[in-house]
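Chain residues, written in single-letter form:
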Amino acid sequence: MAQGLPRTRFNTARLVRVLADLAVADAADSKQSFADRLGQWLGFNDALALFSALNPGPVAGGEPQSASSAAAAGSAVQAYARMRTALAESIVADGVFRPGKARIELPTPLANMSLEEAADFAPYHRYYLAHQRDMNASIGPLRATVRATLAQRSAELKRLAALDAVMDQALAARERALLATVPGLLAKRFEQLFAAHQAALAETQAADDTQRWMQPGGWLAVFCRDMQAVLLAELELRLQPVAGLVEALEHESAAPRP
């Protein structure tokens, strides 16, 4: 397992806390209840679909004791574990802090860059977006696969799969919009650190050297570590729905049969 990504806990919002710690987002708790906020996010059709998922009437279950159903459940759990590890490893193995081949390599200033070019946030924006695309492409299909597996296990898990499908459809656009703001928040952190770096140089009247920015303690090295922490927190957030489905599947699989 790649370091830095703990097992998901559903009563926390790690991404919000990390951004708040970087002083680029407000972590104040909302005074609205979850139900009130959910009501604002759902449209009329979404609300009807949610009502139907929560009140389905008698639901026929799958074949929880069949060998094929059990194999599919085990396969889904393993696929989740592999994907979770691979995505976290892709963030941590950046080719810079951890030398070696990286799927998405962390950008660093080149020796021939001007100060203005080296202090451009654009490469880091593209880097973050690449990881977001990677997460989106991997997590969405797996979530649908795990849902399909749940629907074949039991009546209770079939209801949970139906509920997750409704929530996925209803909240997907809002999730995309909110996560699209994260790179902009990181741009604020980038600017804060660079401004502090420039102020320190002005105070000591020292010459700047872009090649020292990524050395231990350098302002850009600090930023890149911060960005890595935000990426891991976003990954944890994106994985929460799938982790919940997998946990339900594991619990049902471990339950004694009558």
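Everything discussed here concerns the structure shown above.
For the structure given in this document, a descriptive report is provided here. (Residues numbered from 1 in each chain as written. Predicted model: local features only at pLDDT ≥ 70, side-chain atom pairs only at ≥ 80, totals over all residues. Heavy atoms only, no water.)

**Considering the nonpolar core**
Ranked by internal contacts, the top residues of the largest apolar core, which has 58 residues, are Leu220, Phe223, Met227 and Val230. Secondary-structure elements contributing two or more residues to this core are helix H1 (14-21), helix H4 (67-92), helix H6 (122-151), helix H7 (155-179), helix H8 (182-204) and helix H9 (219-254). Here the element with the most residues in this core is H9; it accounts for 18 residues. Residues in contact with Phe223, not counting those within four places in the same chain, are Phe121, Tyr124, Leu186, Arg189, Phe190 and Leu193. (Core = buried A, V, L, I, M, F, W, Y, C linked by side-chain atoms within 4.5 Å. Buried < 20%, exposed > 50% of the residue type's maximum accessible area, 1.4 Å probe, protein only. Helix = DSSP H or I, 4+ residues; strand = E, 2+ residues; numbered from the N terminus. Contact = heavy atoms within 4.5 Å.)

**Quick look at the side chain of Arg147**
Within the secondary structure layout, Arg147 lies in helix H6. Owing to a relative accessible area of 15%, Arg147 belongs among the buried residues under this scheme. Discounting residues that sit within four places of it in the chain, Arg147 has contacts with Ala161, Asp164, Ala165, Asp168 and Leu245.

**Focus on H7**
Between the first and last C-alpha of H7 there are 34 Å, a value that for 25 residues agrees with the 36 Å anticipated at 1.5 Å per step. Considering bend angle alone, the principal kink of H7 is centred on Leu171 and spans about 50 degrees. Buried residues of H7: Ala155, Leu157, Ala161, Asp164, Val166, Met167, Ala170 and Leu179, and no others. (Expected span 1.5 Å × (residues − 1). Bend = angle between axes of the 7 residues up to and from the residue.)

**What about the packing of H6 against H7?**
Viewed as axis vectors pointing N to C, H6 and H7 meet at an angle of 165 degrees, and their least axial separation amounts to 8 Å. For the element pair H6 / H7, the angle class is roughly antiparallel. As H6 runs across H7, the sense of the crossing is left-handed. Contact residues: H6 offers Gln132, Arg143, Arg147, Leu150 and Ala151, while H7 offers Leu157, Lys158, Leu160, Ala161, Asp164, Ala165, Asp168 and Leu179. (Axes fitted to C-alpha atoms, helices over the stretch in contact; angles between N-to-C directions. Parallel < 35°, antiparallel > 145°, perpendicular 65-115°, else oblique. Left-handed = near helix turned anticlockwise from the far one by under 90°.)

**Looking at the pattern of salt bridges**
The final tally for this structure, using the stated rule, is 10 salt bridges. Between Asp164 and Arg143 there is a salt bridge, with the nearest N and O atoms lying 2.8 Å from each other. You can see Asp164 sitting in helix H7 and its partner Arg143 sitting in helix H6, a full 21 residues away along the chain. Look at Arg143 and you get buried, because its relative accessible area is 12%. Overlapping salt bridges bring together Arg143, Arg147, Asp164 and Asp168 as one network. (Salt bridge = Lys/Arg side-chain N within 4 Å of Asp/Glu carboxyl O.)

**Comments concerning the packing of H6 against H8**
With their axes 10 Å apart at the nearest point, H6 and H8 run at an angle of 145 degrees to one another. You can see that H6 and H8 cross each other, and the crossing is right-handed. Across from Tyr124, His125, Tyr128, Leu129 and Gln132 in H6, the residues of H8 making contact are Val182, Pro183, Leu186 and Phe190. Here the residues of the contact of H6 with H8 are counted per class, giving seven nonpolar, two polar and no charged. (Nonpolar A, V, L, I, M, F, W, Y, C, P; charged D, E, K, R; others polar.)

**Re the environment of Ala72**
Counting through the fold element by element, Ala72 comes out in helix H4. A relative accessible area of 33% places Ala72 in the partly exposed class. Placed 73 residues apart in sequence, Ala72 and Thr145 show a C-alpha to C-alpha distance of 9.8 Å.

Read these as geometric descriptors, not functional statements.
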